[in-house]
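# Inside the fold
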Amino acid sequence: MINFWRRLTGILPTDPLRLGTIDTVNADNTVTCTLSNGGKLTVRGTGTVGDQVWIRDGKVQDTASGVTTFADQDV
Amino acid sequence: MGTLYDSKNIYDWDGTYDGGPGVPIGAPSHTHQLRVRYEKGQQHEGALTAVTHQAQPEQSDLRLRGDAGVPFDRPMHAPWSAITALQADERLAWRPPLDHESSTSARWSATVARDRAVRIGVDRTAESHASDVRARWSGVGAVQRETLLPWRRGLPRGRAVRLRSLEAQPHNLFLRLPWRPGAPFRSGYGIPYGGEPDPPPGSAIIVPPLEVYSMTPVLSILRVSDAVDVLAIDCSVSLSSDAWAWSFQASIPWKCLPLVNPNTHSSPVEVQVTINGYVWKFVVEAFADERKFGGTNCRISGRSLSAYLSADYAPLVSDSNAIAADASQLADDLMPTGWTVTWTSPDWLVAANLFTYADLAPISALAQLAASIGSIVVPDPVDQALTIQPTYPVSPWNWGAPAPADAVAHTWLASHTYAEGDIVTPPTPNGRSYIALEGGNSDTLEPGSWPTDSGESFTDGGVTWQLVAAPYAKIPKAFWTSISGQWEGNFVAGYNGVYVSGQNSGVSGRVKRAGTDGAALLPSVSDALICHVDAARERGRHELAKADRRKTETLRLPLLPAPAGIGNPGVLQRGQLLQLEEIDGTLWLGQVLSVQIDATRSSTALSVRQTASVERHA
């Protein structure tokens, strides 16, 4: 009845892909980003201040190009 | 000359009282003059009128006329009214004759007695001629006050027939009776019954609370190709919460194994499982057998036809959508010939090259597409058909309030006093009803809107209304045999927002619960396919619903014979909302997560039960 695979994967730690905007480019080859939910994160990688980047596993994975932001949606 | 006698008093001719048996009442001194004339009148009846007229100028006193008139008046009403007409202004004069003439009252009572006799006669007539009752009673009632009691006695019979139907008509205008299986109101009435009407579309299946639910369990497993019976001993059929195929296990006699042995057939063997009239088609994919002294065992298992879309039967494909297409269109494109997919979830335009996958079977690619917005793939038990539907067709916070199965809804009235638990429908029906969470007086104006998709309560004057839930079925406590619950620990119940983002060419933003600040955020989610706000919104709704505090209940129910419909929920489907009555009579709502049908055998007796996992949010 219960999907045990889903239950197992549900309790495994996951590190989701996060979308952030580079605030500062640090001297030690890291960047500090503001996440979409307002949080701050410093990760390895480079970029330009103001760029949107994908972050996973503590490093900038990619530049997030073409992502448009929508207004709050009520459900 | 003699003595004049009336019934009580005896007077001498000269008018003096000489000791009669009664008490002289108001015998004035001049009475003798009346008696004289009276005597004359009796002797010469023809001259009576003249004499009384002669008396008039001499006797201004009314009593003379009264005395004179009474004995002569055979038709009683005429003389009395004549006197009244003459002496309308002489009240004092009018009274003495009445007192004086006890014989007058005697006549009155005689009259009453006669009338009573008439009344009794009518009564008797009424009983013997029932068809004439109304006419006769109304005639008597208008004339005779004394018939009031018999008239009342007659009323209940008339009221039972006539007044009830008259009152029912205006009453019905305000009633909304929920559809439910019909039953004779009293067993004594032989109402010709033309069968059950179909329930209105969308209305809940109401399982009637009965002392006994009887069914004859039936199990058969036939090979589809030639309808050969494999003599199933028992069988279990289930659809788990995220599965895109039904699965089954069955015990069959070992001697029947060659009929379905997948190892010895060139193509997969399909079997048709029928339990209590409900049909599934399965592909036999595995078996296990045992031979030993004194017996053999054989169990077969498999999945429904959607297994043909899995990696076991279908080639793996890598693909990317070259042009932008709706998600439902992409799902259609995945299906091989002969398969259909019905998309009931929100649809959105997937930009080119976003839907891409590597080495996936069609069903896995479809599941990936559906999972991007939190939807599931629901297989058809028999046909080559799939349905994509949201995991939560209705968000748990919008389910609304449960209402008793026999609740009666009235049309909403302005400035009306409603008690807690009252149920109304809008004056312009919208198919939904609303239950009063708090009683009070309704507003003078109708609420501006009656929400059909929001379970949030709203106020109307002093009343707080909430949408009544529209479950698939309402199940009384008499119907389920057991419920076991398991609370999924989640102390953070207040999540009200989540950031959802696509990836390249995607959209990003926050989805939050209406009416909240959306500040209690879930971890962000992202999916490459979220390239439209509709997809983002649906995915966010799913994440918030999934994070809502919940309890999983496992119900055990009988499986009434097919077809499902009136009073019979049949095989429950994932995503269906159920309203259950708890052992203490309270009601709660839950959404079906998974379902399992077990046909088991103890010695030779077959027993069929349905087990359903239900997700409950309150």
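Residues numbered from 1 in each chain as written. Chains lettered and ligands numbered in written order. Predicted model: local features only at pLDDT ≥ 70, side-chain atom pairs only at ≥ 80, totals over all residues. Heavy atoms only, no water.

A count of helical and extended segments in chain B gives 12 helices and 33 strands. A buried classification covers 43% of the 618 residues belonging to chain B. Restricting the contact set of chain B to residue pairs at least 6 apart, pairs at least 24 apart contribute 64%. Accessible area for chain B stands at about 31900 Å²; split by element, carbon and sulfur atoms hold 54% of it. (Helix = DSSP H or I, 4+ residues; strand = E, 2+ residues; numbered from the N terminus. Buried < 20%, exposed > 50% of the residue type's maximum accessible area, 1.4 Å probe, protein only. Contact = heavy atoms within 4.5 Å. Areas by Shrake-Rupley, 256 points an atom, 1.4 Å probe, with all protein chains shown as cover.)

Here we take up the overall build of chain A. Assigned secondary structure in chain A consists of 1 helix and 7 strands. In sequence order, chain A lays out its α and β elements as α-β-β-β-β-β-β-β. In chain A, which comprises 75 residues, the proportion classed as buried is 28%. Element-wise, carbon and sulfur atoms account for 52% of the exposed surface of chain A, whose accessible area totals about 4600 Å².

All names here are of chain B. Model confidence for chain B is summarised by a mean pLDDT of 77, while 67% of its residues fall at 70 or above. The model gives residues 75-87 a pLDDT under 50, and that stretch makes 16 contacts with residues more than four places away or in other chains. As scored by the predictor, the complex reaches a pTM of 0.69 and an ipTM of 0.85. (pLDDT = per-residue confidence, 0-100.)

On to the interface of chain A and chain B, then. Each partner contributes residues to the interface: chain A has 23 residues there, and chain B has 36 residues. Taking both partners together, chain A and chain B bury about 2500 Å²; carbon and sulfur atoms supply 50% of that area. For the pair chain A and chain B, the number of links is 2 salt bridges. Its salt-bridge partner being Arg510(B), residue Asp72(A) comes within 2.5 Å of it at the nearest N-O pair. Looking at side-chain class alone, the side of chain A that touches chain B contains 9 nonpolar, 9 polar and 5 charged residues. One ladder, built from 2 bridges, connects strand β7 (residues 73-74) of chain A with strand β28 (residues 507-512) of chain B; its direction is parallel. If you follow Asp74(A) over to β28(B), its bridge partner there is Lys512(B). (Buried area = accessible area lost by both parts, 1.4 Å probe. Salt bridge = Lys/Arg side-chain N within 4 Å of Asp/Glu carboxyl O. Nonpolar A, V, L, I, M, F, W, Y, C, P; charged D, E, K, R; others polar. Pairing = 2+ DSSP bridges.)

In terms of nonpolar packing, the biggest core is built from 49 residues, with Val237(B), Phe248(B), Val273(B) and Ile275(B) touching the most fellow members. Among the elements that take part in this core, strand β32 (residues 587-602) of chain B stands out by supplying 5 residues, more than any other. When near neighbours in sequence (up to four residues on either side) are disregarded, Val237(B) contacts Trp246(B), Ser247(B), Phe248(B), Val273(B), Ile275(B), Trp280(B), Phe282(B), Val595(B), Gln596(B) and Ile597(B). Within the second largest apolar cluster, 45 residues are counted, among which are Phe70(A), Trp339(B), Val350(B) and Ala365(B). (Core = buried A, V, L, I, M, F, W, Y, C linked by side-chain atoms within 4.5 Å.)

The next point concerns the pattern of salt bridges. Residue and element names in this part refer to chain B. Under the defined criterion, the tally for this structure stands at 16 salt bridges over all chains. Here aspartate 312 and arginine 303 are joined by a salt bridge, their closest N and O atoms 2.7 Å apart. On the accessibility criterion, aspartate 312 (56% relative accessible area) is exposed. Residue classification places arginine 303 among the buried residues on the basis of a relative accessible area of 19%. Between glutamate 553 and lysine 551 there is a salt bridge; the shortest N-O distance is 3.2 Å. Salt bridges linked by common partners bring Asp527, Arg539, Glu543 and Lys546 together as one network.

Take the pairing of strand β4 (residues 52-56) of chain A next. Residues and elements named next belong to chain A. Taken together, the 4 bridges between strand β1 (residues 18-25) and β4 define a ladder with antiparallel strand orientation. Along β4, the bridge assignment pairs arginine 18 with isoleucine 55. Where β4 lies against strand β5 (residues 59-63), 4 bridges are found, and the strand directions are antiparallel. Bridging from a neighbouring strand, arginine 56 pairs with lysine 59 of β5. Counting the residues in the hairpin turn of β4 and β5 gives 2 residues, including aspartate 57, whose phi is positive at 55 degrees.

Mapped onto the elements of the fold, Leu445(B) is located in the loop between β22 (440-441) and β23 (458-460). Sequence spacing of Leu445(B) and Asp460(B) is 15 residues, and the spatial spacing of their C-alpha atoms is 8.6 Å.

Residue and element names in this part refer to chain B. Along the chain, the position of threonine 296 falls in strand β10 (residues 295-304). Threonine 296 sits 42 residues away from tryptophan 254 along the chain, and the two C-alpha atoms are 6.1 Å apart. Residues within four places of threonine 296 in sequence aside, it is in contact with Trp254, Glu290 and Arg291.

All names here are of chain B. All chains considered together, the criterion is met by 11 aromatic pairs over all chains. A centroid spacing of 6.2 Å and a plane angle of 70 degrees characterise the contact between tryptophan 412 and tryptophan 450, whose relative ring orientation is edge-to-face. On the criterion of sequence distance, the pair formed by tryptophan 412 in the loop between β18 (409-411) and β19 (417-418) and tryptophan 450 in the loop between β22 and β23 is long-range, its members being 38 residues apart. Residue tryptophan 412 is classed as buried on the basis of its relative accessible area, which comes to 6%. The buried category is assigned to tryptophan 450, whose relative accessible area is 11%. Pairing tyrosine 434 with phenylalanine 458 gives two aromatic rings, centres 5.9 Å apart and planes at 80 degrees, and the pair type is edge-to-face. In this pair, tyrosine 434 is assigned in strand β21 (residues 434-438) and phenylalanine 458 in strand β23, connecting sequence segments 24 residues apart. A single burial state applies to tyrosine 434 and to phenylalanine 458, both of which are buried. (Phe/Tyr/Trp six-rings, centres within 6.5 Å; stacked < 30°, edge-to-face > 60°.)

There is a patch of nonpolar side chains on the surface, built from Trp5(A), Leu8(A), Ile11(A) and Leu12(A) and spanning about 470 Å² of accessible area. The class of Leu8(A) is partly exposed, set by a relative accessible area of 41%. (Patch = residues over 30% accessible without salt bridge, like charges linked within 9 Å, V, L, I, M, F, W, Y side chains within 5 Å.)

Residues and elements named next belong to chain B. The 3 strands are arranged β13-β17-β16 in an open sheet whose pairing can be described as mixed. On the outer flanks of this sheet lie β13 (340-343) and β16 (375-379), each paired with one strand and no other. Between one strand and the next, the sheet's axes are offset by a mean angle of 25 degrees, whatever the strand orientation. Pairing between β16 and strand β17 (residues 385-390): 5 bridges, direction antiparallel. Residue pairing across strands places proline 379 opposite leucine 386, the latter belonging to β17. (Axes fitted to C-alpha atoms, helices over the stretch in contact; angles between N-to-C directions.)

Side chains three or four residues apart in an α-helix point the same way, a direct result of the helix having 3.6 residues per turn. The end-to-end C-alpha distance of helix α12 (residues 533-547) of chain B, which contains 15 residues, comes to 21 Å, matching closely the 21 Å that a straight helix rising 1.5 Å per residue would cover. Counting buried positions along α12(B) yields 11 of 15 residues, so the element is predominantly enclosed. (Expected span 1.5 Å × (residues − 1).)

Attention now moves to unusual backbone geometry. Residues and elements named next belong to chain B. Backbone torsion omega between alanine 562 and proline 563 reads 5 degrees, so that peptide bond is classified as cis. By secondary structure assignment, the location of proline 563 is in the loop between β30 (550-558) and β31 (577-581). You will see that leucine 231, though not glycine, has its phi angle at about 55 degrees, which is positive. The class for leucine 231 is partly exposed, based on a relative accessible area of 41%. In this structure, serine 415 takes a positive phi of about 50 degrees despite not being glycine.

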